[in-house]
Amino acid sequence: MTSLTLPTRPPGSPPLAHAWQTLADGLLTQRLHLHLDEWRAAVAGEKALPDVPGVDVSVLAQRPSPLSAGDKAVMTLLEDAGLGFWWELPQRHGAESRNRRGTLHRAADTTAQNLLAEQSGAAWSDAVIAVSAAAAWWVGFFAVIRHRGVHHITLEPHPSPLHEQALGTAVSVVAHGMGTRVLETALRGSDDGPALRAAYCRAIEAGICVEPELPGLVEELAELRLVDLVSTTARWRGRFTKYAGGTGAGQVE
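Residues numbered from 1 in each chain as written. Predicted model: local features only at pLDDT ≥ 70, side-chain atom pairs only at ≥ 80, totals over all residues. Heavy atoms only, no water.

> Tell me about the overall build of the protein chain, and name the residues and values.
Each helix and strand in the protein chain was counted, giving eleven helices and zero strands. Listed by position from the N terminus, the elements making up the protein chain come as α-α-α-α-α-α-α-α-α-α-α. A buried classification covers 49% of the 253 residues belonging to the protein chain. When the accessible surface of the protein chain is totalled, it reaches about 12,600 Å², and 56% of it is carbon and sulfur. (Helix = DSSP H or I, 4+ residues; strand = E, 2+ residues; numbered from the N terminus. Buried < 20%, exposed > 50% of the residue type's maximum accessible area, 1.4 Å probe, protein only. Areas by Shrake-Rupley, 256 points an atom, 1.4 Å probe, with all protein chains shown as cover.)

This is how it looks when you write it as structure tokens:
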């Protein structure tokens, strides 16, 4: 048997997980643009979703509240964390807010509050709030077109219906993951005292606590795009299983 020898990574090259995260982010934005017209038609029609009973499509489509004009430091931190797209695309494509709150928005708010414990007024604190709010929109985007998708394993169309609460749980998981990315970036670029370190520790603890529930959540979400969004955002052992196993990403598209 011939052994496989992998080439040595060049000095200073990013970890493999970093490359996988870049791939996941790229696939996420690709899917948004591929299905944007389909999503807009569903939002404009304001029809009930066949697979998530009782959900108001117009609420799912609402863009997050904008950052204030003086929040340049927040945007800089988001860009440094590789999350400029995460915030900007909901702002660009989201529907006008009707000042109505749904399960997904409440889940995002609760996640940010749990991570921050106390409002610090720092850029990293506002950035965590921003990415959490954006998490509700991203989960909502793929929930609107979920019934047109396929099962993440079988690739069979029309995954079974799910309860709105599962989407709320998905928002919490995604918001924790993106909040952790923000806090990691803030820690690398600052020596900003105990509040930032405590928030990062809470984020890591939340990730550890939710990990046992993730396989069940993934199976309940079922649909490929939603599963990829949640599974590549959460900090857990199954995060990049698809990439590590050599499965082609985006094979359906």
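> Tell me about the nonpolar core, and please be specific about residues and values.
Judged by nonpolar contacts, the single largest core of 68 residues is most densely connected at Trp86 and Trp138. Element by element, the count of residues in this core is highest for helix α6 (residues 123-144), at 15 residues. For Trp138, the residues in contact, after removing those within four places along its chain, are Leu28, Leu32, Phe85, Trp86, Leu89, Pro90 and Leu229. (Core = buried A, V, L, I, M, F, W, Y, C linked by side-chain atoms within 4.5 Å. Contact = heavy atoms within 4.5 Å.)

> Lay out helix α3 (residues 72-80) in plain terms, naming residues and giving numbers.
Since the α-helix packs 3.6 residues into each turn, any two residues three or four apart lie on the same face. Within α3 the residues assigned to the buried category are Val74, Met75, Leu77 and Leu78. Each buried residue of α3 sits inside an arc of 160 degrees when the element is viewed along its axis, so together they form one side. Looking at α3, the residues exposed on the side facing more than 90 degrees away from the buried face are Lys72 and Asp80. The secondary structure elements touched by the buried residues of α3 are α4 (84-93), α6 and α7 (164-188). Positive backbone phi, at 75 degrees, marks Gly82, one or two positions downstream of α3. (Arc of directions from axis to C-beta.)

> Account for the pattern of salt bridges, with residues named and values stated.
A side chain of one charge can pair with a side chain of the opposite charge when the charged atoms of the two come close. For the coordinates displayed, the defined rule picks out ten salt bridges. For Asp25, the salt bridge goes to Arg181, with nearest N and O atoms at 3.1 Å. Of this pair, Asp25 sits in helix α1 (residues 16-45) while Arg181 sits in helix α7, and the two are 156 residues apart along the sequence. For Asp25, a relative accessible area of 13% corresponds to the buried category. Judged by relative accessible area, Arg181 falls into the buried class, the value being 10%. One salt bridge in this structure joins Asp51 and Arg146, with 2.9 Å as the shortest N-O distance. Here Arg146 lies in the loop between α6 and α7 and Asp51 lies in the loop between α1 and α2 (57-60), a separation of 95 residues in the sequence. Look at Asp51 and you get buried, because its relative accessible area is 3%. Arg146 gets classed as buried once you look at its relative accessible area, which sits at 0%. (Salt bridge = Lys/Arg side-chain N within 4 Å of Asp/Glu carboxyl O.)

> Please give an account of the packing of aromatic side chains that cites residues and values.
Summed over the entire model, instances satisfying the criterion amount to nine aromatic pairs. Both rings, one in Phe141 and one in Phe142, keep their centres 5.1 Å apart while their planes meet at 85 degrees; by these two values the pair is edge-to-face. Residue classification places Phe142 among the buried positions, given a relative accessible area of 0%. Through a chain of ring-to-ring contacts, three or more aromatic side chains come together here, namely Trp39, Phe85, Trp86, Trp137, Trp138, Phe141 and Phe142. (Phe/Tyr/Trp six-rings, centres within 6.5 Å; stacked < 30°, edge-to-face > 60°.)

> Before we move on, could you go through α6 and cite the residues and values that matter?
The terminal C-alpha atoms of α6, which comprises 22 residues, lie 32 Å apart, in line with the 32 Å expected from a rise of 1.5 Å per residue. Most of α6 sits out of view: 18 of its 22 residues are buried. (Expected span 1.5 Å × (residues − 1).)

> Give me unusual backbone geometry: which residues, what numbers.
Positive phi, normally seen in glycine, also occurs at Glu46, with a value near 50 degrees. You can see Glu46 is positioned in the loop between α1 and α2. For Glu46, a relative accessible area of 47% puts it in the partly exposed group. Even without being a glycine, Ala222 presents a positive backbone phi close to 70 degrees. Note that Ala222 resides in the loop between α9 (214-221) and α10 (224-233).

> Can you explain the side chain of His151? Please cite residues and give values.
For His151, the location among the structural elements is in the loop between α6 and α7. On the accessibility criterion, His151 (18% relative accessible area) is buried. Reaching out from His151, the side chain makes a polar contact with the backbone nitrogen of Thr154 at a distance of 3.4 Å. Here His151 is in contact with Glu156, Pro159, Glu219, Ala222 and Leu224, once residues within four sequence places are set aside. (Polar contact = N/O pair within 3.5 Å; in protein donor to acceptor, adjacent residues only side chain to side chain.)

> Outline the packing of helix α5 (residues 103-116) against α6, listing residues and values.
The geometry of α5 relative to α6 is characterised by a closest axis approach of 9 Å and an angle of 155 degrees between their N-to-C directions. Here α5 is positioned roughly antiparallel relative to α6, judged by the angle of their axes. Our pair here, α5 against α6, has a crossing hand that is right-handed. Taking contact as the criterion, the partners of Leu104, His105, Ala108, Ala112, Leu115 and Leu116 in α5 are, on α6, Trp124, Ser125, Val128, Ile129, Ser132, Ala133, Ala136, Val139 and Gly140. A class-by-class count of the residues in the contact of α5 with α6 yields eleven nonpolar, four polar and no charged. (Axes fitted to C-alpha atoms, helices over the stretch in contact; angles between N-to-C directions. Parallel < 35°, antiparallel > 145°, perpendicular 65-115°, else oblique. Left-handed = near helix turned anticlockwise from the far one by under 90°. Nonpolar A, V, L, I, M, F, W, Y, C, P; charged D, E, K, R; others polar.)

Read these as spatial facts, not as claims about activity.
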